[in-house]
Amino acid sequence: MPRGRFQPQRRQNEHRINEEIRVPEVRLVGENIEIGVYPISKALEIADEQGLDLVEISPNATPPVCKVIDYNKFIYEQKKKMKEIKANAAKTVVKEIRFGPNTDDHDFEFKLKHASKFLEANEKVRAYVHFKGRAIVYKEQGEILLLRFAQALEEVGKVEQLPKLEGKRMFLIISPKAKK
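Quick look at the structure, then. A quick note: this is a predicted structure, and the numbers were derived from the prediction, not measured. (Residues numbered from 1 in each chain as written. Predicted model: local features only at pLDDT ≥ 70, side-chain atom pairs only at ≥ 80, totals over all residues. Heavy atoms only, no water.)

Right, let's get into the overall build of the chain. For the chain, the helix and strand inventory stands at four helices and eight strands. Over its C-alpha atoms the chain spans a radius of gyration of 29 Å, topping by over 25% the 16 Å that the globule rule assigns to 180 residues. Counting only residues that meet the buried cut, the chain has 33% of its 180 residues in that class. Considering only contacts within the chain whose residues lie at least 6 apart along the sequence, 54% involve residues at least 24 apart. Accessible surface for the chain amounts to roughly 12900 Å². Of this, 51% is attributable to carbon and sulfur atoms. Taking the average location of the 34 positive side-chain charges in the chain and that of its 27 negative ones, the two points are 7 Å from each other. (Helix = DSSP H or I, 4+ residues; strand = E, 2+ residues; numbered from the N terminus. Rg over C-alpha atoms; globule rule 2.2 N^0.38 Å. Buried < 20%, exposed > 50% of the residue type's maximum accessible area, 1.4 Å probe, protein only. Contact = heavy atoms within 4.5 Å. Areas by Shrake-Rupley, 256 points an atom, 1.4 Å probe, with all protein chains shown as cover. Lys, Arg positive; Asp, Glu negative; His and termini not counted. Charge placed at Lys NZ, Arg CZ, Asp CG, Glu CD.)

This is the structure in structure tokens:
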């Protein structure tokens, strides 16, 4: 069947419609239709009588499920659902805070204040100690520093991953506590 002037171009992996459905029988669903298994010719006839399209909804079922619906409306509703799902998906932001193995108290407090602001803004915090050169011999100090950091943030966040050394960095991940 040649495409009409206003009929949208279809991508290969979308649903099969009307004459593209190549199975002997289908399970038919839709509004104002008696649900059941019909031969493909009868299903196409029912769709044609209503001026709608026969759209293959689930091709892997036995027999495949087809719905009598306006194809353009069907695609529009699917896009709308996908957009809604995408909008509701929580976007997690991870903020990084860097320490040295010998970070003094003032810097620690300063970074602690920033981390608590991030956690209150519902963002994750990834704190890490970066060991330069031979500073790797102070890895116990780095671990103590990160544990002290986690303990100070106990009220606003919970530890998601305990201090772990990867290469020249030891890091800790803290996620915000669920708000009541």
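Having seen the structure, we can now continue with the description.
The contact between helix α3 (residues 105–120) and helix α4 (residues 139–152) brings their axes to 11 Å, and the two run at 45°. With respect to α4, the element α3 is oriented oblique. Pair α3 / α4 crosses with right-handed handedness. In contact with Asp105, Phe108, Lys111, Leu112 and Ala115 of α3, α4 contributes Leu145, Arg148, Phe149 and Ala152. (Axes fitted to C-alpha atoms, helices over the stretch in contact; angles between N-to-C directions. Parallel < 35°, antiparallel > 145°, perpendicular 65-115°, else oblique. Left-handed = near helix turned anticlockwise from the far one by under 90°.)

With that settled, the discussion passes to the sheet that holds strand β1 (residues 25–30). One open sheet accounts for four strands, arranged β2-β1-β4-β3; its pairing is mixed. Each of the sheet's edge strands pairs with one partner strand only, and the pair in question is β2 (36–39) and β3 (53–58). Ignoring strand direction, the axes of neighbouring strands in this sheet form an average angle of 45°. Taken together, the four bridges between β1 and β2 define a ladder with antiparallel strand orientation. Looking at the pairing, valine 26 lines up with tyrosine 38 of β2. Across the face of the sheet, helix α1 (residues 40–50) comes into contact with β1, β2, β3 and β4 (65–69) while running at roughly 100° to β2. (Pairing = 2+ DSSP bridges.)

The terminal C-alpha atoms of α3, which comprises 16 residues, lie 22 Å apart, in line with the 22 Å expected from a rise of 1.5 Å per residue. When we look at burial in α3, the residues that qualify are Phe108, Leu112, Ala115, Ser116 and Leu119. Axial view of α3: buried residues confined to an arc of 100°, hence all on one face. For α3, the exposed residues set more than 90 degrees away from the buried face come down to His106, Lys113 and Lys117. (Expected span 1.5 Å × (residues − 1). Arc of directions from axis to C-beta.)

Strand order in this open sheet of four strands is β5-β6-β8-β7, and the pairing throughout is mixed. For this open sheet the edge positions go to β5 (94–99) and β7 (157–166), each flanked by a neighbour on one side alone. Ignoring which end each strand starts from, the neighbouring axes of this sheet average 20° apart. Inspection of the sheet shows β5 paired to strand β6 (residues 124–130) by six bridges, in the parallel sense. Its bridge partner being in β6, glutamate 96 is matched across the sheet by arginine 126. Of the strands in this sheet, β5, β6, β7 and β8 (169–176) are in contact with α3, which crosses β5 at around 170°. Contacts from α4 reach β5, β6, β7 and β8, with the element oriented near 10° to β8.

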